[in-house]
Number of protein chains: 2
Amino acid sequence: MPRTKGDHEARRRDVSEAVWQVMATRGFAGLTLRAVAAQLGATTGLLTHYFPTKQALVEYALDLLEQRTLSRPRRQAGKGLAAVRDALLDILPLTPEATDSNRIWVSSWDAALSDPALSTDYARKYAQSRDRLSERVAAAQETGELPPGNPQHIAAGAQAFTLGLVVQALFAPAEFPPQRQIELLDDYLATLTGPH
Amino acid sequence: MPRTKGDHEARRRDVSEAVWQVMATRGFAGLTLRAVAAQLGATTGLLTHYFPTKQALVEYALDLLEQRTLSRPRRQAGKGLAAVRDALLDILPLTPEATDSNRIWVSSWDAALSDPALSTDYARKYAQSRDRLSERVAAAQETGELPPGNPQHIAAGAQAFTLGLVVQALFAPAEFPPQRQIELLDDYLATLTGPH
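Residues numbered from 1 in each chain as written. Chains lettered and ligands numbered in written order. Predicted model: local features only at pLDDT ≥ 70, side-chain atom pairs only at ≥ 80, totals over all residues. Heavy atoms only, no water.

## A look at the relation of the copies chain A and chain B
Here's step 1: Rotating chain A by 180° and moving it 0.0 Å along the rotation axis overlays it on chain B with an RMSD of 0.0 Å. Taken together, the rotation and translation relating the two chain copies correspond to the operation of a two-fold axis.
Here's step 2: Mapped onto chain B, 100% of the interface residues of chain A again fall at the interface, so both copies present the same surface. (Least-squares fit on C-alpha atoms with pLDDT ≥ 70 in both. Contact = heavy atoms within 4.5 Å.)

In structure tokens:
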């Protein structure tokens, strides 16, 4: 029987999911054709059809990480300071899915810092994220919920706080359950709104 | 001529420095016997004398990271809030040496998150670091420089902020030169001292 386009798409989704699961449990350091094949219950030979080289597998994984990050559901309800809070809550590992995604992002930092092109690309992504956040900060300043101050500077601080909280929560999930992460974030936002 | 103990010690220092340099430029993902041998100007054969397996090399590198972190010079002058600030400044990549050290720490997170024993060990290290910081926070509360509040909670927030700033500065050193890192930290500390 000839394979249909549907078979092909379904297989691609299975491969993507297997790559994702390997990264979520073993990180980029453990991302090998053999590990993906085992996760998929397939032969390494089949995998080489998709990924002729290790480099192709790593590039695929980085693309997958970016796509899944871009397409993940986001909080949209808030305005003003609530919109700043929503953007930061969207980053934190508050669900198993967000934990996997963050764990893969943190894992990818090693590869990204070792590769000048990738490092530049990551720096650009984080800068864009700060730009989007600073627009929300500026909007919260217009409503008077945040005091005046350079929005880029405030966004950089908020991004730093959130990224560092991600790292802490990944290493110590029992000490940083979702409720504590949210409390720490809300305390941080409360200090921003105070006079200074 | 027989080798002396001094030769042996000197060679060990050379090997340590080569391992350190490889990690600082290529991360744990790029840490191989071949790369260390090339850095040292030695043969891979000589290196297998020190590191019979890749795992032995990785364990050595993790120990070296911990030793160099423990033995690095620290700011000691401050009391009260200044002591909190000093502890956080000691973490930031404000010098080339501190940048290398941070880059290696961030690189090691991938391996650490993939290994349950190592992950537990890292969580313990970060918890100890928060404990030490919370003692300084409590002291700054006693002097009245910081407002009342759970010192552990405040220390966790400050650690998150600092770790996240490390990551941002590693990816975008031009955007986060030492002076900007210090400004962002001082702004963060200023928000903590304000009433809330």
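## Some remarks on the layout of surface pockets
Residue and element names in this part refer to chain A.
Here's step 1: In this structure, the largest pocket occupies an estimated 1200 Å³ of space.
Here's step 2: Forming the walls of the largest pocket are 40 residues, and the residues nearest its centre are Thr69, Arg72, Arg74, Asp90 and Ile91.
Here's step 3: Only helix H4 (54-71), helix H5 (81-91), helix H6 (96-114), helix H7 (116-142) and helix H8 (151-171) provide two or more residues apiece to the lining of the largest pocket.
Here's step 4: The leading source of residues in the lining of the largest pocket is H7, at 9 residues.
Here's step 5: Partitioning the lining of the largest pocket into residue classes produces 17 nonpolar, 10 polar and 13 charged. (1 Å grid on protein atoms, 1.4 Å probe; cavity = no way out; pocket = protein on both sides within 12 Å on 5 of 7 lines; lining within 4 Å. Points joined across faces, edges and corners; volume = space filled by probe spheres on them. Helix = DSSP H or I, 4+ residues; strand = E, 2+ residues; numbered from the N terminus. Nonpolar A, V, L, I, M, F, W, Y, C, P; charged D, E, K, R; others polar.)

## Thoughts on H6 of chain A
Here's step 1: With 19 residues, H6 of chain A ought to run about 27 Å at 1.5 Å a step, and its terminal C-alpha atoms sit 28 Å apart, in line with that.
Here's step 2: Residue Ser108 of chain A marks the point of greatest curvature in H6 of chain A, where the axis turns by about 30°. (Expected span 1.5 Å × (residues − 1). Bend = angle between axes of the 7 residues up to and from the residue.)

## Some remarks on the packing of aromatic side chains
Here's step 1: In this structure the tally under the stated criterion is 18 aromatic pairs over all chains.
Here's step 2: Between the aromatic rings of Trp109 of chain A and Trp109 of chain B, the centroid separation amounts to 6.1 Å while the plane-to-plane angle is 55°, which identifies the pairing as tilted. Note that Trp109 of chain A is positioned in helix H6 and Trp109 of chain B in helix H6 (residues 96-114), a pairing that runs across two chains. Of the two residues, Trp109 of chain A and Trp109 of chain B, both sit in the buried class.
Here's step 3: An aromatic cluster is present here, built from Trp105, Trp109, Tyr122, Tyr126 and Phe171 of chain A together with Trp105, Trp109, Tyr122, Tyr126 and Phe171 of chain B joined pairwise through their rings.
Here's step 4: For Arg68 of chain B, the ring lying beneath its charged end belongs to Trp20 of chain B, and the centroid distance is 4.6 Å. (Phe/Tyr/Trp six-rings, centres within 6.5 Å; stacked < 30°, edge-to-face > 60°. Buried < 20%, exposed > 50% of the residue type's maximum accessible area, 1.4 Å probe, protein only. Lys NZ or Arg CZ within 6 Å of the ring centre and 35° of its normal.)

## As for the interface of chain A and chain B
Here's step 1: Counting residues at the interface gives 47 residues for chain A, matched by 47 residues for chain B.
Here's step 2: Carbon and sulfur atoms supply 64% of the area buried between chain A and chain B, which totals about 3600 Å² over both sides.
Here's step 3: When residues of chain A are sorted by the area they lose upon contact with chain B, Leu113, His153 and Phe171 of chain A head the list and together hold 21% of the total.
Here's step 4: At the surface where chain A touches chain B, the tally comes to 4 salt bridges. (Buried area = accessible area lost by both parts, 1.4 Å probe. Salt bridge = Lys/Arg side-chain N within 4 Å of Asp/Glu carboxyl O.)

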